[in-house]
Amino acid sequence: MGTASRGGSVKAGKMPEGEKTRQCKQEEEQPQKEEEREGLIEFYSSYQELFQFFCTNTTIHGAIRLVCSKKNKMKTAFWSVLFFLTFGLMYWQFGILYREYFSYPVNLNLNLNSDRLTFPAVTLCTLNPYRYSAIRKKLDELDQITHQTLLDLYDYNMSLPRSDWSTLSTQKRSSRSLLHHVQRHPLRRQKRDNLVNLPENSPSVDKNDWKIGFVLCSENNKDCFHQAYSSGVDAVREWYSFHYINILAQVPDAKALDESDFENFIYACRFNEATCDKANYTHFHHPLYGNCYTFNDNSSSLWTSSMPGINNGLSLVVRTEQNDFIPLLSTVTGARVMVHDQNEPAFMDDGGFNVRPGIETSISMRKEMTVRLGGSYSDCTEDGSDVPVQNLYSSRYTEQVCIRSCFQLNMVERCGCAYYFYPLPEGAEYCDYTKHVSWGYCYYKLLAEFKADVLGCFHKCRKPCKMTEYQLSAGYSRWPSAVSEDWVFYVLSQQNKYNITSKRNGVAKVNIFFKEWNYKTNGESPAFTVVTLLSQLGNQWSLWFGSSVLSVMELAELILDFLAITFILAFRWFRSRQKLSPPGPPPNSHDNTAFQDETPGLSAPHRFTVEAVVTTLPSYNSLEPRGPSRDGEVGHN
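Reading guide: rules and limits
- Residues numbered from 1 in each chain as written.
- Predicted model: local features only at pLDDT ≥ 70, side-chain atom pairs only at ≥ 80, totals over all residues.
- Heavy atoms only, no water.
- UniProt positions renumbered as here; feature names shortened; annotations may be inferred.
- Buried < 20%, exposed > 50% of the residue type's maximum accessible area, 1.4 Å probe, protein only.
- Helix = DSSP H or I, 4+ residues; strand = E, 2+ residues; numbered from the N terminus.
- Arc of directions from axis to C-beta.
- Contact = heavy atoms within 4.5 Å.
- Patch = residues over 30% accessible without salt bridge, like charges linked within 9 Å, V, L, I, M, F, W, Y side chains within 5 Å.
- Areas by Shrake-Rupley, 256 points an atom, 1.4 Å probe, with all protein chains shown as cover.
- Salt bridge = Lys/Arg side-chain N within 4 Å of Asp/Glu carboxyl O.
- Phe/Tyr/Trp six-rings, centres within 6.5 Å; stacked < 30°, edge-to-face > 60°.
- Polar contact = N/O pair within 3.5 Å; in protein donor to acceptor, adjacent residues only side chain to side chain.
- Core = buried A, V, L, I, M, F, W, Y, C linked by side-chain atoms within 4.5 Å.
- Pairing = 2+ DSSP bridges.
- Axes fitted to C-alpha atoms, helices over the stretch in contact; angles between N-to-C directions.
- Disulfide = S-S within 2.5 Å.

Per an unreviewed UniProt entry, the protein goes by the name Epithelial sodium channel subunit alpha and belongs to Lepidothrix coronata. For the protein, the Sequence similarities (unreviewed entry) comment in UniProt is given as "Belongs to the amiloride-sensitive sodium channel (TC 1.A.6) family. SCNN1A subfamily." Per UniProt, the protein has the following entry under Catalytic activity (unreviewed entry): "Na(+)(in) = Na(+)(out)".

In C-alpha cells, the structure reads:
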C-alpha cells in the first residue's frame, strides 16, 4: 500500500505533456478574454469583421445583399458587381457636377429701371486744328515746304490759281525738297491681270502704279522704316501730321495752346429749355480735332433728365467755318461729337462721329449698364488696381485708358520719349526730332508691334466689372429750311457777329436727348452656387443609393476604420518580425572554436534539447532518500 501510494504520488508529480499545453493555453486565453471586454474605443480584428458589420448595419440600400446570401455565391457576385457599378456611376455624375461648378457659369439678368437719369457728358470738337499764335511761324514754314512737295510730286501749286499750273510745271524745281521725307516707292505695277513686284532697276512706270510715303531711319541709319500709302492724300496728311506733332512738342508750356474761343464756336447752348453758361463746360486741346468742349463734366452739379424727348436734352448751334485753320491737316468740315460717361476721357477717334454743316443732327440715347461678376467668374477688374499697367489719365479706369497708358509707357521705355497724343509720364518729355532724332522710326516700329499685340497691352488691360454705355441713333434733316434760312442767318449775324459768305456751310445744329425714360441693366449672377451643388449631389446620392447625409458619414466611418485596422495589423506584423528575428551575439562574448566546427543542421536540435532539460525540471520530491524496494521498483520500471 505504501508503495502504491508512493507510486501514485510519483505519477501525480509527473504532469502529462498535453495537460501542461492546455494549461498554458488557458493561461494565455485568460488575459485575451479580459481584453475582449467592451472598452471605450473598439477596433475590428479583421477586414472581414469590419465589412460584415458595415453591410448588416448600414442604411445604404443594397449593401445587405453582399452578406445575406453567403450560401449563393452567384447572388453575392451579382450584387457585388451591381453595387460597385452603381457606386462608380454615382461618382461619375459627381465628377460632372464638380466640373460644372468649377467652370463658374453665370446667368445673365436683364432689368429695366425707371428713374431720373443723369445726363452723360458730351464732348464737341471743331474738327479742325487751330493755327495757334505760339506756333504760327513754324506752321507757316511747314506749309511752304509742303507746298513745294506737292509741286514736285503732283505739279500742284496751292498758292496760285488753277490757270497758272502749267506755267509753273515747266519751271526749274528746287533740288532740296522734302523727297528725303516723302518719297514715291514703285512697289508694284499692273501687267495684264497679274501684279508683279518691281525690281530696283525697272523702267519708269505710270504714276498710277506708284505708292507714296516717307522713310524713317534709325539713329545710325542702319535700318529704315518705309511708311508708304497707296493714296497720296493719306501720305501727305500723315507726313504733315508727323511734323505738326514735332512742332507742338517744342512748345514748352502747354497753356500757350489754350486759346478757347467758345463764343465763336458755340452760337447757342440750351439744356432743358435753360441756357448754358461757362460753368457747364470744360475746354481742352486735341492735336487733330482742335478746340474741344466737354459739357456736363462737373461732378458737383450734373444735369438730370426726368423726361425723354428732344425738348428735354441738350441743343447746340455750332459754327463750322474753317477760317484760320490748317487745310493740310484736316480735310473735312463740320464738328465732331462724342457721348461718354463722367470722369472718362473723350477718345474722339474711338467713339465720336461727325456733324455735317447745314444739317440738324438729332441723337437719341439709351443708357445701358453692365455689371460683371469678378473673381473666379470673369477676368474683369473693379478699379484697375490689380492691372499691371499704370494709369496715366486723371480719370477712372477704363479699358481704353489702360491700353493707351500701356502704349505710352512702352514708348517711353523703348524710344526715350513720350508720344504727344497721350499724357506725359512722370520724368519723361514729349518726342521732338530736334532732341530725339530717330523717334519717328521707333514710333512706327512700336505701333506695328502694338497693333499685332506683341506688347501684350490688349492682354494686360481687362474690362471693368462695372461700365456704362450709351446706345446712340441719329437722324438728320436740313437746317435751316429754305424758307427760314434768311431770318435765322440775319439773327445770328446780329447776335453772334455771323458774317459767313457761304451761309449753309457755316453752321450746324445738334440735339442730344434720351429716347426712353427707363434704362437697361445687364447683370450677372452665379448659375451654380454651393447650395445648388449640394442639392445636386444629394439628388444623385438618393437616386443611386436612396440614402442621406448620415449614410455618407457611415461610409466615411468605414474608410476611417479600414485605415485604423490597416495600421494596427501593420504594427503587429512589424512587432512579430522583430520578436522572431534571432538576437545577435553579445558584444563581449568570446569565440568558441568547438561550436564553430559543428554543422548548422545539428545546432538547432542541440539547443532544443538544452531548452527542454531546463524547462522540465524534476520535482523536489524525487530528491528524497529511497529504500531498496523503491530502487528496485524504479529499476524495474
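And the narrative resumes.
**Quick notes on helix α3 (residues 47-57)**
Restricting attention to buried positions, one finds in α3 the residues L50, F54 and C55. Projected onto a plane normal to the axis of α3, the buried residues spread over an arc of 120 degrees and lie on a single side. Check the buried side of α3 and you find it contacts α15 (549-580).

**Points about unusual backbone geometry**
Here the residue pair W479 and P480 is connected by a cis peptide bond, since its omega of -15 degrees sits within 30 degrees of zero. Topologically, P480 is positioned in the loop between β18 (466-478) and α13 (485-495). We note that N343 has phi near 60 degrees; this positive angle belongs to a residue other than glycine. Along the chain, the position of N343 falls in the loop between β15 (335-340) and α9 (348-351). Classification of N343 by relative accessible area gives partly exposed; the value is 42%.

**Quick look at the side chain of S395**
Tracing the chain through its elements places S395 in the loop between β17 (359-371) and α10 (399-415). Using a relative accessible area of 17% as the deciding quantity, one classes S395 as buried. For S395, the residues in contact, after removing those within four places along its chain, are N343, E344, P345 and V401.

**Quick notes on a nonpolar patch on the surface**
On the surface, a nonpolar cluster with roughly 560 Å² of combined accessible area is contributed by Y47, I559, L560, F562, L563 and L569. At five residues, the largest contribution of residues to the nonpolar patch is made by α15. With respect to the helices and strands, Y47 occurs in helix α3.

**Details of the packing of aromatic side chains**
Tallying each qualifying case throughout the model produces 33 aromatic pairs. Geometrically, the ring pair formed by F242 and Y444 is tilted, given 6.5 Å between the ring centres and 45 degrees between the ring planes. With F242 in helix α7 (residues 232-249) and Y444 in helix α11 (residues 439-451), this pair connects stretches of sequence that are 202 residues apart. By relative accessible area, which is 4% here, Y444 ends up buried. Judged by centre distance (5.1 Å) and plane angle (35 degrees), the ring pair of F450 and F458 falls under tilted.

**Let's talk about the side chain of T381**
Positionally, T381 belongs in the loop between β17 and α10. At 2.5 Å, the side chain of T381 and the side chain of D386 are in polar contact. The residues contacting T381, other than those within four sequence positions of it, are D386, V387, Y397, R462, K463, P464 and C465.

**Points about the nonpolar core**
In terms of nonpolar packing, the biggest core is built from 53 residues, with I135, Y240, Y244, M411, W439 and Y443 touching the most fellow members. Counting only elements with at least two residues in this core, the list comes to α5 (136-154), β7 (211-217), β8 (224-229), α7, α10 and α11. Among the elements that take part in this core, α7 stands out by supplying 10 residues, more than any other. Non-local contacts of Y240, meaning those with residues more than four positions away in its chain, are made with L139, L142, D143, T146, I326, L328 and L329. Core analysis: the second largest hydrophobic core is formed by 30 residues, L124, C269, A508 and F514 among them.

**So, the UniProt feature "transmembrane region" (unreviewed entry) in the protein**
In the numbering adopted here, UniProt assigns the feature "transmembrane region" (unreviewed entry) to residues 77-98. From the first C-alpha to the last, residues 77-98 spans 31 Å; its make-up is 100% helix and 0% strand.

**As for the sheet that holds strand β12 (residues 290-295)**
An order of β11-β12-β3-β15-β16 is seen for the five strands of this open sheet, with the pairing classed as antiparallel. Each end of this open sheet is capped by a strand with a single partner; those strands are β11 (281-286) and β16 (353-355). Averaged over all pairs of adjacent strands, the angle between their axes in this sheet comes to 30 degrees, without regard to strand direction. Summarising the sheet, strand β3 (residues 121-125) and β12 pair through four bridges and their orientation is antiparallel. Paired with L124 across the bridge in β12 is Y293.

**Let's talk about the pairing of β15**
Summarising burial for β15: six of the six residues are buried, a large majority. Residues A335, V337 and V339 point to one face of β15 and R336, M338 and H340 to the other, with burial holding for every one of them.

**Brief notes about the state of the cysteines**
Considering all chains together, one arrives at seven disulfides under this definition. The disulfide bridge from C269 ends at C276, spanning 2.1 Å between sulfur atoms. As the torsion about the S-S bond is roughly -75 degrees, the C269-C276 disulfide counts as left-handed. For C269, a relative accessible area of 9% puts it in the buried group.

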